[in-house]
Amino acid sequence: MTLANMDGGVFSLAVIQFDPSFFWHYLLQPSQGYLQGLALTFGLAVAGQTIGVVFGLLAAFARLSRAWPLRSIARGYTWIIRGTPLLVQIVFVYTALAAAGIFRFHDIDLGPFTFAGNIQAAIVALSLNEGAYMAEIIRAGILSVDPGQAEAAKSLGMTYPQSMRLVVLPQAARFVIPPLGNEFNSMLKNTSLVSVIGVQELLLSTNTLVSSTFRVFELLLVVATYYLLLTTAWGLVQSRIERYFGKSTAATDGPSFLERFAGFRLPIEADDAPEDL
Amino acid sequence: MSGGAPHDLLDAIGGAPPTTSDVVVEARDVHKWFGRLHVLKGVSMSVRRQEVVVVIGASGSGKTTFIRCLNHLERIQKGRISVNGHLIGYREVNGKLVEDKERNIAAQRQEIGMVFQRFNLFPHKTALANVILAPVQVRKMPVAEAVEMGRALLDRVGLAVKADAYPGQLSGGQQQRVAIARALAMKPALMLFDEPTSALDPEMIGEVLEVMKELAREGMTMIVVTHEMGFAREVADRVVMMDDGQIIEEGTPEHFFTSPTHERTKAFLSKIL
């Protein structure tokens, strides 16, 4: 297949440059450094998501608090974070804060390996960003639990923390888990943005290879395939988790991954049907 | 083992719960506003130990709001409520009432059981887990002991075989019986019932009322908001008629069946009897 393009006023034909063997080689036999980039991407996503959920919980409770200063702080936090690009936040946390002399991330020596400053900054930025989105998700989840549940907990003598921990949050989890899964899917891909502060994750590892081989097309196909594998594997895990959380309250199981993938429900088998009363 | 008539409910929680005073509930001149809406206009009520009081009244009369004030699910703006001799929800500071600390309110609620119209069982927990959750987490009862008590309670309300069922797998009547067992598991000195049969299909009302009647016969102090006049006639010591945020008539069930005096009471009874 050929493409026509204009070059110095003269039509010329360019042949698409694609080297399949190069592509397959880098896809199936990635270098050690490349795999480390993959591991770093995954680690950043897990760390960013986990800490983000903690920030989100704190901000959600602050938003639901009776104390207005807490509510205002939480509202300001989500307003700023959700109103600015993640890429700007990453550069701000790492480069801008250091340039202004406010805060500089230093490498931390942990014996055999080093916790690099830019990786710390990456985790801080990713989790701060994630926290703002999780706050809204968790708040909505808590609000969608029937208020009668908290009342029943109170009437049994539970304190607010007890009723949250034992009664409300486990039920809010059912509403929170599906969007949380989608958030982690986004997080896996958003980690690529921290390449701008020099974190050698999957994308920057790819770019390094590109500059030494000039095989942009093949290598970006490789990196895209790796991201697709990560998110697909996560999709499988996610549907398992959703089934687990749905089991006690739903009369039937939710759609399986395949069913969701296909976009329709398989008929319920007789022994899956709700018990006759 | 299971099934059959409810029996020995209080025996399952180690006998009748201790009450420190003969007057279990003392509510005096209770006022409540929802915004500008004056929903309770000076309600006073005193309930003696082992007494069963049925509260009737049209919807919007304030009866549900009133019993929700008794365990401080609703704040009150004026008046005072004490249960078992303790002021509920408030403490007195220099002659003025200020809202009590959340921890203290939670402690006071332990001695007040409540059964809700919509059951409010915890859907993520089995029937048995619903019953033992608060005894284990709040009363710090050892799990083995709580399980034994929980199974006994479920057995006494006829649901021993449903101990491991989730609320979603139970009928409304079964859920409400679990809810009663759950409230009893805290060994309350007082049980509040907020229209416990109103959300039930007619054929399930009887099984719930049977449990409540048994509880009344065994000497539990109860305040029941209900329209079930048959229940009132059988077990109530006193019926209280509320209208527009006030108690307008009070008397024995017989009085209400034979010679209600207030026009509103007559009109209300003619609709539900």
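Every value quoted in this text rests on a predicted model; they were computed, and no experiment measured them. (Residues numbered from 1 in each chain as written. Chains lettered and ligands numbered in written order. Predicted model: local features only at pLDDT ≥ 70, side-chain atom pairs only at ≥ 80, totals over all residues. Heavy atoms only, no water.)

*Asks:* Mind showing me how you'd approach the overall build of chain B here?
*Replies:* Helices and strands together make up the secondary structure of chain B, namely 10 helices and 12 strands. Compactness check: chain B gives a C-alpha radius of gyration of 18 Å against a globular reference of 19 Å for 273 residues, within 12% of the reference. Referenced to the eigenvectors of the C-alpha coordinate spread, the extents of chain B come out at roughly 50 × 50 × 35 Å. Working note: accessible area of chain B is about 11,300 Å², and carbon and sulfur atoms make up 48% of it. Across chain B, the 33 positively charged side chains and the 33 negatively charged ones have centroids separated by 7 Å. (Helix = DSSP H or I, 4+ residues; strand = E, 2+ residues; numbered from the N terminus. Rg over C-alpha atoms; globule rule 2.2 N^0.38 Å. Areas by Shrake-Rupley, 256 points an atom, 1.4 Å probe, with all protein chains shown as cover. Lys, Arg positive; Asp, Glu negative; His and termini not counted. Charge placed at Lys NZ, Arg CZ, Asp CG, Glu CD.)

*Asks:* Sorry, what's going on with the pairing of strand E6 (residues 90-93) of chain B here?
*Replies:* Within a regular beta strand, the side chains point alternately toward one face of the sheet and then the other, so they alternate between its two faces. All names here are of chain B. Relative to strand E7 (residues 96-99), E6 runs antiparallel, the two being bridged by four bridges. Bridging across to E7, arginine 91 finds its partner in valine 98. The antiparallel pairing of E6 with E7 creates a hairpin that spans two residues between the two strands, and asparagine 94 there sits at a positive phi of about 50°. (Pairing = 2+ DSSP bridges.)

*Asks:* Looking at this structure, I do not really get unusual backbone geometry. What am I missing?
*Replies:* Of all residues except glycine, most have a negative phi; of all peptide bonds, most are trans. Residue and element names in this part refer to chain B. Residue aspartate 8 is not a glycine yet carries a positive backbone phi of 45°. Considering the arrangement of structural elements, one finds aspartate 8 in the segment before helix H1 (9-12). In the Ramachandran plot, histidine 72 falls in the positive-phi region, its phi being about 60° despite a non-glycine side chain. Locating histidine 72 in the fold gives a position in the loop between helix H2 (63-70) and strand E4 (78-83).

*Asks:* Is there a simple way to think about the sheet that holds strand E12 (residues 246-251) of chain B in this case?
*Replies:* Residues and elements named next belong to chain B. Spatially, the six strands line up as an open sheet ordered E8-E9-E10-E3-E11-E12, and their pairing is mixed. The sheet is open, and its two borders are formed by strand E8 (112-115) and E12, each paired with just one other strand. Sheet twist, expressed as the average angle between the axes of neighbouring strands with direction ignored, equals 20°. Bridge analysis of strand E3 (residues 52-56) against strand E10 (residues 222-225) gives four bridges, and the strand direction is parallel. Counterpart to valine 55 in the pairing with E10 is valine 225. Along the sheet face, helix H7 (residues 202-217) touches E3, strand E9 (190-194) and E10 and points at about 150° away from the line of E10. (Axes fitted to C-alpha atoms, helices over the stretch in contact; angles between N-to-C directions. Contact = heavy atoms within 4.5 Å.)

*Asks:* Mind showing me how you'd approach the sheet that holds strand E2 (residues 37-48) of chain B here?
*Replies:* Across a sheet, paired strands are connected by hydrogen bonds in the backbone, their directions being either parallel or antiparallel. Residues and elements named next belong to chain B. One open sheet holds the four strands; their spatial order is E2-E1-E4-E5, and the pairing between them is antiparallel. Only two strands of the sheet have a single neighbouring strand rather than two, namely E2 and strand E5 (86-87). In terms of strand pairing, E4 meets E5 through two bridges, oriented antiparallel. Bridge assignment links serine 82 to a residue of E5, and that residue is leucine 87. Contacts from H2 reach strand E1 (23-34), E2 and E4, with the element oriented near 60° to E2.

*Asks:* Even after reading the chapter, I still don't get the nonpolar core, so can you show me in this structure?
*Replies:* Across soluble globular proteins, nonpolar side chains show a tendency to be buried alongside one another. Among the nonpolar cores identified, the biggest contains 57 residues, and B:Ile180, B:Met191, B:Leu215 and B:Met222 are the most heavily contacted of them. With eight residues, H7(B) is the single largest residue contributor to this core. If we ignore the near neighbours within four places in the chain, the residues touching B:Leu215 are B:Leu9, B:Leu10, B:Ile180, B:Leu184, B:Met191, B:Phe193, B:Met220 and B:Met222. Counting 40 residues, the second-largest nonpolar core is a separate cluster that includes A:Val167, B:Val25, B:Tyr90 and B:Ile112. (Core = buried A, V, L, I, M, F, W, Y, C linked by side-chain atoms within 4.5 Å. Buried < 20%, exposed > 50% of the residue type's maximum accessible area, 1.4 Å probe, protein only.)

*Asks:* Can you walk me through the packing of helix H4 (residues 86-99) of chain A against helix H5 (residues 117-143) of chain A in this structure?
*Replies:* For any two helices packed against each other, one specifies the crossing angle of their axes together with the interaxial distance. Residue and element names in this part refer to chain A. Interaxial distance between H4 and H5 falls to 9 Å at its minimum, and their mutual angle equals 135°. With respect to H5, the element H4 is oriented oblique. Two packed elements cross with a definite hand, and for H4 against H5 that hand is right-handed. Contacts between H4 and H5 involve Leu86, Gln89, Ile90, Val93 and Tyr94 from the former and Gly117, Asn118, Ala121, Val124, Ala125, Leu126 and Asn129 from the latter. Considered class by class, the residues forming the contact of H4 with H5 number eight nonpolar, four polar and no charged. (Parallel < 35°, antiparallel > 145°, perpendicular 65-115°, else oblique. Left-handed = near helix turned anticlockwise from the far one by under 90°. Nonpolar A, V, L, I, M, F, W, Y, C, P; charged D, E, K, R; others polar.)

*Asks:* Looking at this model, I keep getting lost on the environment of A:Val194. Mind explaining?
*Replies:* All names here are of chain A. Tracing the backbone shows valine 194 in the loop between helix H7 (160-190) and helix H8 (202-213). Between the C-alpha atom of valine 194 and that of threonine 41, which follows or precedes it by 153 residues, the distance is 9.5 Å. In this structure valine 194 touches Leu44, Ile90, Ala122, Leu126, Val199 and Glu201, once residues within four positions along its chain are discounted.

*Asks:* Would you explain the pairing of E2(B) in this entry?
*Replies:* When E1(B) meets E2(B), the two strands line up antiparallel, connected through nine bridges. Each residue of the ladder has a partner; that of B:Ala27, found in E2(B), is B:Met45.

*Asks:* Looking at this structure, I do not really get a nonpolar patch on the surface. What am I missing?
*Replies:* Where nonpolar side chains cluster on the molecular surface, the patch consists of A:Ile16, A:Phe18, A:Phe217 and A:Leu221 and spans about 360 Å² of accessible area. Counting through the fold element by element, A:Leu221 comes out in helix H9 (residues 216-246). (Patch = residues over 30% accessible without salt bridge, like charges linked within 9 Å, V, L, I, M, F, W, Y side chains within 5 Å. Salt bridge = Lys/Arg side-chain N within 4 Å of Asp/Glu carboxyl O.)

*Asks:* Would you take a moment to explain the interface of chain B and chain A for this structure?
*Replies:* When the parts come together, some accessible area is lost, and that loss is often what is quoted as the size of the interface. Listed per partner, the contact involves 31 residues of chain B and 25 residues of chain A. Interface area for chain B against chain A, summed over the two sides, is near 2,300 Å², with a carbon-plus-sulfur share of 57%. In this assembly, chain B and chain A are joined by one salt bridge. B:Arg68 is the salt-bridge partner of A:Glu151, the closest N and O atoms lying 2.6 Å from each other. Connecting chain B to chain A are six residue pairs in polar contact (both at pLDDT 80 or more). Elements supplying a minimum of two residues to the side of chain B that touches chain A: helix H3 (102-109), E8, helix H4 (127-137) and helix H6 (172-184) of chain B. (Buried area = accessible area lost by both parts, 1.4 Å probe. Polar contact = N/O pair within 3.5 Å; in protein donor to acceptor, adjacent residues only side chain to side chain.)

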